[in-house]
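Each chain is listed here by its residues.
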Amino acid sequence: MTPNSMMAARFYGVQEPLRLEEIPVPELREDEVLVKIQAAGLCGSDVHIVFEGVTPTAYKPITLGHEPAGVVAGMGSRVEGWEEGERVSVVPGFWCGSCRNCVTGFPNVCLSRRIYGIQAEGALAEYLAVPARNLVRLPESVPFTVGAIITDAVATPFYALSERVALKAGETIAIFGAGGLGLHGVQVAKLLGAQKIIVVDTREEQLERARSMGADLTLNPTGSPPVEAILEATGGLGVDVAAEFVGLQATISQCVEAVAPNGRVVVVGLGADPITTVPPTVFVRKQIALLGSYGFTKRGIEQLVELAASGRLNLESSITHIFPLSEVNTALKYLHEKIENPIRVAVTL
Ligand SMILES: [Zn+2]
Ligand SMILES: [Zn+2]
């Protein structure tokens, strides 16, 4: 039986610890499923929300957490095709299915989009109510922690590389920024058959990790400009694709400078400064494509779950730290202060 109340980690204000509170278990609408959360990934966005205040939540207090995995624990009257106890990853946001962006195949930028844990109640709680269409079956062979981080930390670079710039087998790619998203970008690029993967980051430890995940060449821009090294490594041409996971003016510009004629640049990193780069005389003559990429699709999450289940994608080494919900503030501190250099921090319930 589902209890009436549950523990949840609630956000009250910037630079305040999350409060562990007992709140009512959400009531189900007829099309919704109650998911008993088993694991929730923490993300850079959570650090932005809690410590920096640059990503405001839609309201306060709010339960944070937007990388959920768990088991089905209850169903609304109109839900079909699911049974209690089934293991699931949860697409961590609402999309309407009927706006212009949804019907043209871009539910990730739905005009009514609400991300759980930012604009709606999130996954750092014992239970989460979501529309049944948000569920993705999670095979026994995929741990809940992996099922959790797939939904954003892996699905975001997967969408950027497989959909937005459609990286093809045999192409070369430069990845700027080897944090959680960038490192998963390396794994995705390898999976898609990139011929050469170059990774740029100022942190030696992250470059080391990038190499262990399949990067062929790593560059630390602290000493020498990365664009020259990228040109040199590609016979003077530049890479076919450059992916930016930092969100800085300088690195976005370096991406544009580092691509070959007909090259594609995809920007995933969020930043506040305007994009300034090469003049149109270069940009136009080289036919460069510069694309933004936001979030992910349900299809991408389904594909990643299958890739993890088949063993083609190994994500277990990505989860460097696991904390129980009662230690959620320690978990956030590890991510914020980069204690023990985490890739991904998960909270288990
Ligand atoms: Zn996130
Ligand atoms: Zn929509």
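Residues numbered from 1 in each chain as written. Chains lettered and ligands numbered in written order. Predicted model: local features only at pLDDT ≥ 70, side-chain atom pairs only at ≥ 80, totals over all residues.

Novice: I tried to follow the nonpolar core on my own but got confused; where do I start?
Specialist: In summary, soluble globular proteins display a tendency toward joint burial of nonpolar side chains. Residues V35 and A243 are the most contacted members of the largest nonpolar core, which totals 108 residues. Per-element tally for this core: the top contributor is helix 3 (residues 144–164), with 12 residues. A domain-level breakdown of this core finds at least three residues from each of domain 1 (5–153 + 296–348) and domain 2 (166–292). (Core = buried A, V, L, I, M, F, W, Y, C linked by C-beta atoms within 7 Å. Buried ≥ 20, exposed ≤ 12 C-beta atoms within 10 Å, placed from the backbone. Helix = DSSP H or I, 4+ residues; strand = E, 2+ residues; numbered from the N terminus. Domains from an automatic or database assignment.)

Novice: Sorry, what's going on with the domain arrangement of the protein here?
Specialist: Interface size is often expressed as the accessible area that is lost when the parts come together. Under the domain assignment, the protein is made up of domain 1 (5–153 + 296–348) and domain 2 (166–292). Computed over C-alpha atoms only, the centres of domain 1 and domain 2 are separated by 29 Å. With nine residues of domain 1 at the contact, the number on the domain 2 side is seven residues. Class assignment for the residues of the side of domain 1 that touches domain 2 results in four nonpolar, three polar and two charged. (Contact = placed C-beta atoms within 7 Å. Nonpolar A, V, L, I, M, F, W, Y, C, P; charged D, E, K, R; others polar.)

Novice: Just checking my understanding: could you explain the packing of helix 3 against helix 9 (residues 298–309) for this structure?
Specialist: When two helices pack together, their arrangement is given by the angle between the helix axes and the distance between those axes. Packing of helix 3 against helix 9 leaves a shortest axis separation of 9 Å and a crossing angle of 115°. In this structure, helix 3 crosses over helix 9, and the sense of that crossing is right-handed. Each of V146, G147, I150, T151, V154, A155, F158 and Y159 in helix 3 lies in contact with helix 9, whose residues at this interface are G300, I301, L304, V305 and A308. Residues that form the contact of helix 3 with helix 9 fall into these classes: 10 nonpolar, three polar and no charged. (Axes fitted to C-alpha atoms, helices over the stretch in contact; angles between N-to-C directions. Left-handed = near helix turned anticlockwise from the far one by under 90°.)

Novice: Even after reading the chapter, I still don't get the sheet that holds strand 4 (residues 62–63), so can you show me in this structure?
Specialist: Whether parallel or antiparallel, the strands of a sheet pair through hydrogen bonds between backbone atoms. Taking strand neighbours across the sheet as the criterion, the three strands line up as 2-1-4 in an open arrangement whose pairing is antiparallel. Two strands lie at the open edges of the sheet, namely strand 2 (19–24) and strand 4, each paired on one side alone. The sheet contact formed by strand 1 (residues 5–11) and strand 2 spans six bridges and is antiparallel. Within strand 2, the position partnered with S5 by the bridge is P24. (Pairing = 2+ DSSP bridges.)

Novice: Can you walk me through the sheet that holds strand 12 (residues 196–200) in this structure?
Specialist: As summarised here, the arrangement of the six strands in space is 13-12-11-14-15-16, forming an open sheet in which the pairing is parallel. Looking at which strands have only one partner, the edges of the open sheet turn out to be strand 13 (217–219) and strand 16 (289–292). The mean inter-strand angle of the sheet, taken between neighbouring strand axes irrespective of direction, is 15°. Bridging between strand 14 (residues 239–244) and strand 15 (residues 259–267) involves five bridges; their strand directions are parallel. Within strand 15, the position partnered with A243 by the bridge is V266.

Novice: Is there a simple way to explain the environment of C99 in this structure?
Specialist: Structurally, C99 can be placed in the loop between strand 7 (93–94) and helix 2 (100–103). What makes C99 partly exposed here is the crowd of 16 C-beta atoms within 10 Å. C99 sits 12 residues away from L111 along the chain, and the two C-alpha atoms are 6.5 Å apart. Setting aside residues up to four positions removed in sequence, C99 forms contacts with C110, L111 and S112.

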